[in-house]
Each structure stands twice: as structure tokens, then as C-alpha cells.
Amino acid sequence: MGGSSRARWVVLGLGALGLLCAVLGAVMIVKVPSLIEQQVLKNVRIDPNSLAFGMWKEIPVPFYLSIYLFEVVNPTEVLNGQKPQLRERGPYVYREFKHKTNITFNNNDTVSFVEHRSLHFQPNMSRGSENDYIVLPNIMVLGAAVMMEDKPASLKFMMTLGLATMGERAFMNRTVGEILWGYDDPLVNFLNKYFPNMFPIKGKFGLFVGMNNSDSGIFTVFTGVKNFSKIHLVDKWNGLSKIDYWHSDQCNMINGTSGQMWAPFMTPESSLEFFSPEACRSMNFVYQESGVFEGIPTYRFIAPETLFANGSVYPPNEGFCPCRESGIQNVSTCRFGAPLFLSHPHFYNADPVLSEAVAGLHPNPREHSLFLDIHPVTGIPMNCSVKLQLSLYIKAVKGIGQTGTINPVVLPVLWFEQSGAMGGAPLRTFYTQLVLVPKVLQYAQYVLLAVGGLLLLVPIIYQLRSQGSKDTMSLSSLVAPPYWPPRPDTPLLKDSLSGQPASASA
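The notes below deal with the structure included here. (Residues numbered from 1 in each chain as written. Predicted model: local features only at pLDDT ≥ 70, side-chain atom pairs only at ≥ 80, totals over all residues. Heavy atoms only, no water.)

Side chains of L454, L457, I460, I461 and L464 sit close together on the surface and give an oily, nonpolar patch of about 510 Å² of accessible area. Residue position: L454 is located in helix 10 (residues 424–479). (Patch = residues over 30% accessible without salt bridge, like charges linked within 9 Å, V, L, I, M, F, W, Y side chains within 5 Å. Areas by Shrake-Rupley, 256 points an atom, 1.4 Å probe, with all protein chains shown as cover. Salt bridge = Lys/Arg side-chain N within 4 Å of Asp/Glu carboxyl O. Helix = DSSP H or I, 4+ residues; strand = E, 2+ residues; numbered from the N terminus.)

A few words now on the state of the cysteines. The full count for this structure, using the stated rule, is two disulfides. The disulfide partner of C280 is C334, and the S-S distance across this bridge is 2.2 Å. Classification of the bridge connecting C280 and C334 rests on its S-S torsion, roughly 90°, and on that basis the disulfide is right-handed. Highlighted residues: C280 in the loop between strand 8 (271–276) and strand 9 (281–293) and C334 in the loop between strand 11 (328–330) and strand 12 (340–343), separated in sequence by 54 residues. C280 gets classed as buried once you look at its relative accessible area, which sits at 2%. What makes C334 buried here is its relative accessible area of 7%. Here C321 engages in a disulfide with C323; their sulfurs sit 1.8 Å apart. Measuring handedness by torsion sign, the sulfur bridge of C321 and C323 sits at about -85° and is left-handed. Residue C321 is classed as buried on the basis of its relative accessible area, which comes to 11%. When its relative accessible area of 32% is taken as the criterion, C323 is described as partly exposed. (Disulfide = S-S within 2.5 Å. Buried < 20%, exposed > 50% of the residue type's maximum accessible area, 1.4 Å probe, protein only.)

Glancing now at helix 7 (residues 186–194). Taken together, the buried positions of helix 7 are L187, V188, L191 and N192. Mapping the buried residues of helix 7 onto a view down its axis gives an arc of 130°, with all of them on the same face. Those residues of helix 7 that are buried lie in contact with helix 4 (139–147) and helix 5 (153–166). The N-terminus of helix 7 is capped by D185, whose side-chain oxygen sits 2.9 Å from the backbone nitrogen of L187. (Arc of directions from axis to C-beta. Contact = heavy atoms within 4.5 Å. Polar contact = N/O pair within 3.5 Å; in protein donor to acceptor, adjacent residues only side chain to side chain.)

Structure, rendered in C-alpha cells:
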């Protein structure tokens, strides 16, 4: 009896434990998703107490700016009306450091900040040095010539004489360092001296002169602390709710985030929208596919084919016109009137007429498309590669001798890639707290439910087996009397053994 009692208590204990596990698992199935959501919201909002705040304030991911320059191999022939032949030089790679300063939390659930940027040349990652000489179109001469096309002949004649006096030509041979970070240009110096308010650039002229040791203006974005629906969205840029570069309200809208973090809990139907001061516009990327980066699930977003489409192909882009061939965007209105165009590198996804007008371009999606890999639960980028090309529209302008007989062409000047991938300690911290722990909790709830179910079967099986034993004993009692078989000293058995009938008195 003692062993049976102990077994019964063990079975009851296992059953109680199973019930507890099953209830706990069921509660977790109901509660864990909301708990994970609360933790994600708490950690991705712009709050000094959030996990992502340090990452937002000073980006720990190593970012690199890789610049490729298009050298004009036949400048003399181009001046005589022949097709330009280009040779891609580079990459010239720079490590990009970013950190936010002047962080001010406002009363309307927004925070204002300025993001400082500095670039440092990486010789070991580059193909060439900053001392390399490269022949490029002279943007000051050829750009000014196109801008002067409709001016009086006398003014163009004076410009021709002035350029000749200063030794300015249609093409220039300068070092990479000068092209990117500035050189003393006689035309710039002349304009600043005699027309001080005419030209916005003071001092040296360079294609990236405003990108090093600089910032992109004052951003004011929503923190998501009080109103999660607006988290990371830009409220104002330099105090503006919209820009005035373009010709439609839609194109002038400041949409999306500042381009570093997005709202969490994305789906394949989500889009990736952000405002880029460098591109003077908002951009919108679309979902392409799901993937995994270093064990972390991601969504890959890419540029739609309509990003740089002209107004005739994609009517909403009409506000960015005057347009040329589809696949390039005219950015002259935000680049001091210079005939500059933005596109994908090598005119990828653009009208083939553009790449066929010059020799040396080979557009392909693997090398020239852009992407951002985002962790969909948190909206934080894991890996990105943004590639853009800057081109100059050049042509012969009657009355300006420096332009010769150049055939009209959109001439690529350079393209660049901004890339970065999370790694090291930030990646491990991110993976542990925002991927591993939620995954463990998710598995634990089903394990508890399964273990609880199995343990609950123990008392049920025990009860069935106990009931089965009782039924067997009851059946035995029905088939045989309690004292069967009889003892040898019973009268019946004794008479039977002696051969005598039992006595009547027995």
C-alpha cells in the first residue's frame, strides 16, 4: 500500500506540474507577442533610455564612400564633335564618420539635431591615390556655357575673351584630391571678386567640397515616445516643412525619415521613404525579397524603375522637369542652375540612348543597383549600398569658342557608393537583445505547452491502468469462488480422494 500511495502522489505531482506548464505556455502565447512589441517600441524610439539611442546618436557601423571618376580619354576629339570615350578610374575610398550634435528634445514629441560628417581617405582600400591626374570636363566652363546659351551675343563674346584670358578650357587635367576637395579656379575667383553675390561658392571649387567636415542641415524628427505612428518621420529640415526646388507640391514634399532608421514591424507591403538633402528630394524604395544577414532576418528594399523616370513615363515626376531622356533627373534647380543630372551608375535603368551616346559604359544590376537590407521587426538597417551618378550636360554653344563643336550629350562625371554593414559588438548586442531573446521566448512558449501536455497525460494513463487492474480483479472474482481451488481438508475433496460418498450428515 505504501508503494502505491507514493506512486499516486508522484503522478499527481507530475500532473500538477504539467498543468502549470500548459497554462504558462498558453499565457505566453497570448502575452509574449505584445511583450516583444512593447520591448521593440521601447528600444527603437529616440529616447536616451532606449537601446538604439546610442546607435542613433553616433552610428557605430563603419560607413565607406567609394568614388569612381570617368576620365575622358579623347577630349580633343570630343571638342571636334566625336563621341566621348570614357575610362572608369577608382574606387577612391573614404571612411565616413557621423555623429549627431546639438540634440534638442522639443515639447511636440520631436527632436532636433545636426549630424556632423567627416571623411578620411583609405589608401589600402583604394585603387589609386588622391595624387592621380584625371582628365574631366571643366564644369565651370561647360556648365556656364549652357547656362549662357540664350544670353546676348555680346555677353557670350565677353565670356569667351574672359575665359581665354584666364586660361580656362573645356576639359581640365587635375588630381583626384583637387577634383573632389577643391582647387583655386580663376573663374570662381573672378566672380567672387567682381560679383560677390552672384556665385554661392566661396574659395576653392570641388565636387565634394561641401561634404567633408560638414553637415546636412538641421533635422527635426519625431521621437515616437508619445506617438508611435510618426516614429523617425521628418517634421522639418532647416525649419522647412517642404522645399521649393521643384515645380509641384508633391515633388517638394519632405517625406519619410532622415534615412537612418524606419518604423518597426514592416511587412512586404511596406515602403522605405526618406528625405535626402544631397539629392534635394524625398526618395521611396520598394520591397524586393526576404533574406538573412549574419543570422538576422532582413527585408531588401531597392529603387523602383520609376525613381528617375521622366514625366512622360511616370507623370508624378513631372514636377522634377524640365526632363530629358527617362532615367536621369535634372537637379539644376538645386545646384545653382548648372546642367547637372542624377541617375544610377552607368545609366543603369535609364533610356539606352544615354549609355550609347558615350563609349565605356557597361550598366548591370549587380554592380550598379542600390539596396538597403532592413531588420523588419525594428526598422534598423543591417546592410546597405546606395549608388548614384552625377552627369553634366554639355554641348557646343554658339558664341562661346571654348565649346568647339561638341555634340549634345549627357556626360557622366563620377559615381559614388555609400555602403555600410553592421558588425562586431553592435551586431552581437543587437542580435542577442532584439533577435535571440524574442526567438527563445517564442520557442519557450510552445515547449512549455508541449511538455505540459505530455505531463498531463501521465495521471490520465495512470488512472486508466489502475482502472484496468481493478476490472481484471473483479472479473476473476466472478469466475471462481473466493476459496477456489478448495483445501485438501475439505469434506468434498477428502471423500473424493477416498472413493467414499460424502455422508449425509456432512
